[in-house]
Amino acid sequence: MGDASRVSRNHSDTFRTAVEQSVAAGKAEVLSASPPVYLLHDVLSATEVADLRGVVARRRDLWGASHPLVCFQHDAFTGHPGLTHAFDWMRGRPGAGGRGCFAQAASRATYAHVPWSESLFVYRGQEALFDGISRRVQEMSGLHDTHAYSWQALTYEAGRDGGYADHTDCEHAADLLGRGERMATLLVYLTDDFDGGETEFPKLGLKVKPPVGSALLFYNFGPGWGGRACSAEAAHRSNRVTRGSKVVLQRWHSYQEQPFLAGRPILSQRGRRPFQPVVSCDYVSGLRTNVSCRWYNSDVPWTTA
């Protein structure tokens, strides 16, 4: 299928129109006009929040039987002489852009000492509750489910969380109309009883900690609604949680219709056991001083065989 046939609607316009209607109806508020950032009120009921947290806990347990495989895209680790024999494999030159994963024994010995947040993928069709929320989000925001990536349940635990460094969700984008480009980001909050953990937009002077059941929604391109370039102004970060647990559901939406984006992939991680998660420490937004580690139950693209 060619790219032209995937542009079935002006997706940024359906987004803008629906959100403006939600603002007019008092169901949302504008936090920033440029780039557009919104707070959606009462997306979930208290019962739905509890049920979703139960689903997340149940699916997380499936991946808790094994220690994670530890991987690095980080010169300080790939080039460290004391870690040379810890790696099972590496692509590229150690300490100069190399990337690779520890062997099982080294992963088991080190994973608890790495600060990381979690990203638990829930794919389309796996959980009826998630699919139902997808339809509601489409109605409230104009973001169509056939343009969406899979849901990710992001968890940041005090004492283990190192936050997530400054980045844009369209950091590799050349054009809004490119295949799979992350046009918009949705964050639905399942907890709010925590300290720290704000979602911060440094260039906007905006720091947000929405109440449980609400959602943060922002547009990643510009300038304006008609712009097709990745917006540096939409850069954001998750500040470190200092008490409690921050749990949010994240979902990206592309401009082009991509019905398979949210489908479950076939895992092909090199050296990985069945139902073994991965902790990947990566450069964020291409900056050598901007490194964050995250636990995944999906493949990390650069570490697949």
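This text goes with the structure placed above it.
Keep in mind the model is a prediction, meaning the values are calculated, not measured.

*Asks:* How would you explain the packing of aromatic side chains if you had to name every residue and give the values?
*Replies:* Considering all chains together, one arrives at 13 aromatic pairs under this definition. Residues F15 and W225 carry aromatic rings whose centres are separated by 5.3 Å and whose planes lie at 85° to one another, so their mutual orientation is edge-to-face. Placement of F15 in helix 2 (residues 11-24) and of W225 in the loop between strand 14 (221-222) and strand 15 (229-230) is noted, with a sequence separation of 210 residues between them. Accessibility expressed as a relative area gives 0% for F15, which makes it buried. Here the aromatic rings of W63 and F275 are separated by 5.1 Å at their centres, their planes lie at 55°, and the arrangement is tilted.

*Asks:* Can you lay out the pairing of strand 13 (residues 215-219) for me, pointing to particular residues and giving the numbers?
*Replies:* Most of strand 13 sits out of view: five of its five residues are buried. Where burial is concerned, the two faces of strand 13 agree: the one with A215, L217 and Y219 and the one with L216 and F218 are both buried. As paired elements, strand 2 (residues 37-40) and strand 13 share four bridges and run antiparallel to each other. Bridging across to strand 13, L39 finds its partner in L216.

*Asks:* Give me the lowdown on the nonpolar core, citing residues and values where you can.
*Replies:* Soluble globular proteins tend to bury their nonpolar side chains together. One finds W151 and L249 to be the most contacted residues of the largest nonpolar core, which totals 48 residues. If near-sequence neighbours (up to four positions away) are discounted, L249 is found in contact with L52, V56, F130, W151, Q152, A153, L186, L187, V188 and L190.

*Asks:* Pulling in residues and values, what's your account of the state of the cysteines?
*Replies:* Tallied over the entire structure, the rule returns three disulfides. Each sulfur in the disulfide pair C71 and C101 lies 2.0 Å from the other. A torsion of 100° about the S-S bond marks the disulfide between C71 and C101 as right-handed. With a gap of 30 residues between them, C71 in strand 3 (residues 69-73) and C101 in strand 5 (residues 99-102) connect regions that are remote in the sequence. C101 carries the same exposure label as C71, and that label is buried. Numbered in order of appearance, the disulfide-bonded cysteines of the chain are paired 1-2, 3-4, 5-6.

*Asks:* So what about helix 2? Which residues, and what values?
*Replies:* End to end, helix 2 covers 20 Å across 14 residues, agreeing with the expected 20 Å (1.5 Å per residue, within 8%). All of the buried residues along helix 2 are H11, S12, F15, A18, V19 and S22. The arc enclosing the buried residues of helix 2, seen along the axis, measures out at 140°, which places them on a common side. Of the residues in helix 2, the exposed ones pointing more than 90 degrees away from the buried face are Q21 and A24. Of the residues trailing helix 2, G26 is marked for its positive phi of about 80°.

*Asks:* Break down the environment of V241 for me, with residues and values.
*Replies:* Relative to the elements of secondary structure, V241 occurs in strand 17 (residues 241-254). Residue V241 is classed as buried on the basis of its relative accessible area of 0%. C-alpha of V241 to C-alpha of E198: the two residues are 43 residues apart in sequence and 8.1 Å apart in space. Dropping the residues within four chain positions of it, V241 is found in contact with Y156, A158, G159, D161, F194, D195, G196, G197 and K246.

What counts, and at which threshold
- In this numbering scheme, every chain counts its residues from 1 along its sequence in written order.
- Two thresholds apply to this predicted model, a pLDDT of at least 70 for residue-level local features and 80 or more for giving and counting side-chain atom pairs, whereas whole-chain, interface and lining totals are computed over all residues.
- Water and hydrogen atoms play no part in the side-chain values, which are based on all heavy atoms of the structure.
- Pairing of aromatic rings covers Phe, Tyr and Trp, the last counted by its six-membered ring, and requires centre-to-centre distances within 6.5 Å; plane angles under 30 degrees mean stacked, over 60 mean edge-to-face, and any other angle means tilted.
- By the criteria applied, helices consist of DSSP H or I runs no shorter than four residues and strands consist of E runs no shorter than two, each listed in order from the N terminus.
- Residue burial is assigned from relative accessible area. The probe radius is 1.4 Å, only protein chains are included, and a residue is buried under 20% of its type maximum, exposed over 50%, and partly exposed in between.
- Each pair of strands is called paired provided DSSP finds at least two bridges between the two strands.
- Nonpolar core, defined: a set of buried Ala, Val, Leu, Ile, Met, Phe, Trp, Tyr and Cys residues in which side-chain atoms within 4.5 Å join the residues together.
- Contacts between residues were defined by any pair of non-hydrogen atoms, one from each residue, lying within 4.5 Å.
- A pair of cysteine sulfur atoms is labelled a disulfide when the two atoms are within 2.5 Å.
- One fewer than the residue count of a helix, multiplied by 1.5 Å, yields its expected span.
- The arc in question is formed by the directions pointing from the helix axis toward the C-beta atoms.

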